[in-house]
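Chains, contacts and geometry: an overview
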Amino acid sequence: MLQPGLEAVLIAAASPEGAGALIITRSPVYARIDALITESGGPASAEVEYLEPFTDNPVIAVIKAALCLHHAYLPDGSGPWPRPSRHTPRRAAVRLGPSRHLLLAGATSRGDLQVVDWARAEGCLVLPVTGTDLRDLVDQVGTTSEALRAGASVAGLTHASLARSPGSALRAVFCAPDVAGLERELAFASKTLGAAKNEWKTPKGSYFTPAPMGPAGKVALVYPGAFNAYPGLGIDMFRYFPGLLPRLEEQTDRLADLMRHRLIYPRAARPATDTGSALLSDPAKAFAAVSYFGYAQSQIVGLLGVPVHGAFGYSLGEVSMMYASGCWAPTEAHLQDRAVRAESLFEDQLSGAKLAVRTAWRIPQSVPSAEIWATHLIFAAATDLPLGRFDRVYLTQVNAPNEVVIAGDPKQCRALIETSGCDALRLPTDLVMHCPLVDETKMAASLRRATIAPPFGTELFISASYRRIEEFTDDQVADALGRSAARTVDFPRLVRTVYDHGYRFFIEVGPASSCTRWIHETLHDTPHVAESMDHRGSRTDTDVARVAARLFSHGVPVDMTALSPGR
């Protein structure tokens, strides 16, 4: 405890090799000292996730460790740092010498104090400008540009613009990494925005539409399939939204296991391709990682104040949808892959040895799995393929009007591709799904959870029927998911169904942006907005700002102050 009048105290731990120290302030308390370990074996038995090596200045080393604990991030940008379990703190150790370690335990984290930390994390600058008509908007862009060059703050300009927005028919949003970049975006807009007949956008994420669809169009979240996870996924997400981490930690025990922390954020000298292969080779691991990330991103959409009216998913993305929409309790998420494995579905029936295929086709165990099943992406319409001529080839997914997935016997798949003359690509995933070899009953049993209707009347659409889910009982939902897993997924049909129910805005929540592309190809010139919250190789703040810019310009309610540097 700090004595009255003291703002901070430096706690030192002396050793023959030097001194370790920890700064503790009134608020926040970054960390606390658990112990001074002197065993030569070091701190391994104390569940230490991070060991700060010995340096000539152990005081700096301890402060660095304390800051990593407070921000819940591992050092050197190697990824977020979830607690080992709901009731276990993060722990770090600082090597004070060959046989001494100072063990630190996390106390208050940044996420306990700040839910959104856009400015402190140096998120990209987002500046909305509004106008009553196109001429007024261009004038406002010019005025804003002059004010910014004169030294006005981005936060002040944002709040002034938002104060005018209720009576403004048109809205533009400018995005850039810094003030100089914003000045360039505004200067470019001053010259070109007035001639915009269709949507106006820049590589930095700035956006304007002269024909906003307005808030009458519904917003749907879209959950991608199981195999989109990749190393480094969302590595900076909790820097901008630190409050999400403690929320997830409280809802799900052993979050690190669920998010496949060591595969997504490898700390060893291991090539990224190795961890990516590990995710693809284990469907349950990929499934859990994608579900966690989709849930986290759906929470970000909520933090932006965007009204969500419905949701749908692609393939196993429908399972992610059930968790993220509140139908299934997140506390059960850590059981997700275990339940599937308990039925041996993802262990050896549909993956691995593929016993379901061997049994149906009477293939002996001596034949390698790679020789009994293959999955191919084909760039053609389903009607262009001679599927009826091959009894062991299945149309498993229709991704877009001219993109499908087939799977089955490798020789027959190759023969079909050669016969059709279409461009094709063999996929690294080999999970048996969306074909008659999947046992609907077993799949439904493995996915049965305690189910409730989604809150706030959110509509959920499913590919088992290409309709809204009307009854949210344990058996009804599980049976529907089982049917989806055993039948061809026609994603364009699902998209058009959702569109016909009044949805015009589609936000993909989850790794990569494949569903976003397919939605564009399906709806084509039909009025719609489809954006992904994640693009591989892009920063989280860039992706979030891009989504916010498009929605706000179209008149969808968005809390733009959440992305303001003056928040």
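Counting restarts for each chain, with residues numbered from 1 along the sequence as it is written. At least 70 in pLDDT is required for a residue's local features to be given in this predicted model, at least 80 for side-chain atom pairs to be given and counted, and no such filter applies to totals for whole chains, interfaces and linings, which use all residues. Water and hydrogen atoms play no part in the side-chain values, which are based on all heavy atoms of the structure.

Burial classes follow relative accessibility: with a 1.4 Å probe on protein chains only, a residue under 20% of its type's maximum area counts as buried, one over 50% as exposed, and anything between as partly exposed. Runs of E in the DSSP output that reach at least two residues are strands. Runs of H or I that reach at least four are helices, and both are numbered from the N terminus. Taken across its seven residues, strand 7 (residues 125-131) has seven buried, putting it largely inside the fold. Residue alternation in strand 7 divides its side chains into two sets, Leu 125, Leu 127, Val 129 and Gly 131 and Val 126, Pro 128 and Thr 130, and both sets are buried. Two strands form a pair only when DSSP identifies at least two bridges running between them. Of the strand pairs in this sheet, strand 7 and strand 8 (residues 170-176) are connected by seven bridges, and their pairing is antiparallel. Bridging across to strand 8, Val 126 finds its partner in Cys 175.

So, on to the sheet that holds strand 15 (residues 403-408). Pairing in this open sheet of five strands is mixed, and the strands run 16-13-15-14-19 from one edge to the other. Unpaired on one side and paired on the other, strand 16 (424-426) and strand 19 (489-490) mark the two borders of the sheet. In terms of strand pairing, strand 14 (residues 393-400) meets strand 15 through six bridges, oriented antiparallel. Across the sheet, the residue bridging to Val 393 is Gly 408, located in strand 15.

Only one rule defines a salt bridge in this text: a Lys or Arg side-chain nitrogen within 4 Å of an Asp or Glu carboxyl oxygen. Per the counting criterion, the structure on display carries 18 salt bridges. Between Lys 354 and Asp 430 there is a salt bridge whose closest N-O contact spans 2.8 Å. One end of the pair, Lys 354, is in the loop between helix 14 (345-349) and helix 15 (355-361); the other, Asp 430, is in the loop between strand 16 and helix 17 (440-446), with 76 residues separating them in the sequence. Since its relative accessible area comes to 0%, Lys 354 is described here as buried. Owing to a relative accessible area of 30%, Asp 430 belongs among the partly exposed residues under this scheme.

A separate point is the nonpolar core. By convention a nonpolar core is built from buried Ala, Val, Leu, Ile, Met, Phe, Trp, Tyr and Cys residues, the set being connected through side-chain atoms within 4.5 Å. Tyr 292, Leu 350, Trp 373 and Ile 507 are the most contacted members of the largest nonpolar core, which has 96 residues in total. Considering every element that reaches this core, the biggest residue donor is helix 11 (residues 283-303), with 10 residues. Excluding anything up to four places from it in sequence, Leu 350 contacts Leu 345, Ala 356, Asp 430, Leu 431, Val 432, Met 433, Leu 437, Val 438 and Met 443. Within the second largest apolar cluster, 20 residues are counted, among which are Phe 312, Phe 491, Val 498 and Trp 518. The contact rule is simple, with two residues in contact once any of their heavy atoms fall within 4.5 Å.

Strand order in the open sheet made by the four strands is 7-8-10-9, with antiparallel pairing throughout. The open sheet has two edge strands, strand 7 and strand 9 (200-201), and neither has a second partner. Strand direction decides the pairing type here: strand 8 and strand 10 (residues 207-208), joined by two bridges, are antiparallel. Paired with Ala 172 across the strands is Phe 208, a residue of strand 10. Strand contacts of helix 3 (residues 134-149): strand 7, strand 8 and strand 10, with the helix running at about 140° to strand 7, the strand carrying the most contacts. Comment: axis = line fitted to C-alpha atoms, over the contacting stretch for helices; angle = value between 0 and 180 degrees taken between N-to-C directions. Helix 5 (residues 179-192) contacts strand 7, strand 8 and strand 9 of the sheet and is inclined by roughly 140° relative to strand 8.

The residue Arg 358 is located in helix 15 in this model. Of the side chains with opposite charge, Glu 371 comes closest to the buried, unpaired Arg 358, at an N-O distance of 8.6 Å. Reaching out from Arg 358, the side chain makes a polar contact with the backbone oxygen of Val 367 at a distance of 2.7 Å. When residues no more than four places from it in sequence are discounted, the contact partners of Arg 358 are Ala 353, Ile 363, Pro 364, Gln 365, Val 367, Pro 368, Ser 369 and Ile 372. The charge count treats Lys and Arg as positive and Asp and Glu as negative. His and the chain ends do not count. In protein, a polar contact requires one atom able to donate a hydrogen and another able to accept it; more generally it is a pair of N or O atoms within 3.5 Å, and residues adjacent in sequence count only if both atoms are side-chain atoms.

Even without a glycine there, the phi angle at Ser 315 is positive, about 60°. Mapping Ser 315 onto the fold places it in the loop between strand 12 (310-313) and helix 12 (317-324). Exposure remark for Ser 315: the relative accessible area of 13% places this residue in the buried category. Despite not being glycine, His 524 shows a phi value in the positive range, around 50°. Topologically, His 524 is positioned in the loop between helix 20 (514-523) and strand 21 (529-532).

Glancing now at helix 1 (residues 58-71). Helix span, as expected, comes to 1.5 Å for every residue beyond the first. The first and last C-alpha atoms of helix 1 sit 20 Å apart over 14 residues, in line with the 20 Å expected at 1.5 Å per residue. When we look at burial in helix 1, the residues that qualify are Pro 58, Ala 61, Val 62, Ala 65, Ala 66, Cys 68, Leu 69 and His 70. At the exit of helix 1 stands Ala 72, carrying a positive phi of roughly 55°.

By themselves, these observations are geometric and do not establish any function.
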